[in-house]
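Understanding the architecture of this molecule
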Amino acid sequence: MDLAELLSQLGQIAAGYGLAVALEWTVHNLFFHRLGKKKGSIFGFHYHDHHRAVRRAGGGDPAFAGSRLAWNGYGREFWGIVVAATLVSPVALVLPVFWVTAVLSGWHYHVVHTRSHQDPEWCRVHLRWHWDHHMGKDPDTNWGVTNQWLDRLLGTRQAWLSKEEREALEGPARPAAARQAS
Ligand SMILES: [Zn+2]
Ligand SMILES: [Zn+2]
């Protein structure tokens, strides 16, 4: 392999991964929340079903422990990635490394998102931004799932701590009367 070919392949890997990170943020923000919030939207499975299930289960989503063939938030996310990868597959004829990297990154997203709702404690510790997206005060922040880079860059990363976590860090809040007396 000559240098030009090597650089082309490294460029394709960077572009494929970069596209996946950008899509993760954009699709989540634009399609799943902005459009998905509207009643009857074909993207409603994320905002109305997935978010509600996670709040109810305290971080998990029972659908994510089920089958990928089920017509729910879990199955639709999986098939969405498969259909998108198939539709753009002709790109592989020109830029094979780019296409493979983007598809592997999409698969990585799906595996990470699945684990985060099968094992909520793992999500709370290792995927804090996604925990904050679901469990925090404002679900219209923290759009990244596999990483928080774009949210940090664009100012949409909003860290959040539960009351218990705040108390563990600062000690329990004292009642106003006790504060005045001291
Ligand atoms: Zn969401
Ligand atoms: Zn989620």
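Residues numbered from 1 in each chain as written. Chains lettered and ligands numbered in written order. Predicted model: local features only at pLDDT ≥ 70, side-chain atom pairs only at ≥ 80, totals over all residues. Heavy atoms only, no water.

Overview of the environment of His46
Among the structural elements, His46 can be located in helix H2 (residues 44-57). In this structure His46 comes out as buried when scored by relative accessible area, which is 5%. Between the alpha carbons of His46 and Val88 there is a distance of 23 Å; along the sequence they are 42 residues apart. Not counting residues within four places of it along the chain, the set of residues in contact with His46 comprises His28, Phe32, His33, His51 and His133. (Helix = DSSP H or I, 4+ residues; strand = E, 2+ residues; numbered from the N terminus. Buried < 20%, exposed > 50% of the residue type's maximum accessible area, 1.4 Å probe, protein only. Contact = heavy atoms within 4.5 Å.)

What to know about the confidence of the model for the protein
Within the protein, residue pLDDT values average 93, and 95% of them lie at 70 or more. Looking at the elements of the protein, mean pLDDT is at its lowest for helix H10 (residues 176-181), recorded as 58, and at its highest for helix H7 (residues 128-135), recorded as 98. (pLDDT = per-residue confidence, 0-100.)

With respect to the packing of H2 against H7
Running from N to C, H2 and H7 point in directions that differ by 100°, and their axes come no closer than 9 Å. Taken as axis vectors, H2 and H7 run roughly perpendicular relative to one another. Residue-level inspection shows His46, His50, His51, Val54 and Arg55 of H2 in contact with H7, the latter providing His130, His133, His134 and Met135. Across the contact of H2 with H7, the residue classes break down as two nonpolar, six polar and one charged. (Axes fitted to C-alpha atoms, helices over the stretch in contact; angles between N-to-C directions. Parallel < 35°, antiparallel > 145°, perpendicular 65-115°, else oblique. Nonpolar A, V, L, I, M, F, W, Y, C, P; charged D, E, K, R; others polar.)

Section: the side chain of Asp61
By the secondary structure assignment, Asp61 is in the loop between H2 and helix H3 (73-87). Although Asp61 is buried, it makes no salt bridge; Arg56 carries the closest opposite charge, 9.1 Å away. Excluding residues within four positions of it along the chain, Asp61 makes contact with His50, Ala53, Val54 and His117. (Lys, Arg positive; Asp, Glu negative; His and termini not counted. Salt bridge = Lys/Arg side-chain N within 4 Å of Asp/Glu carboxyl O.)

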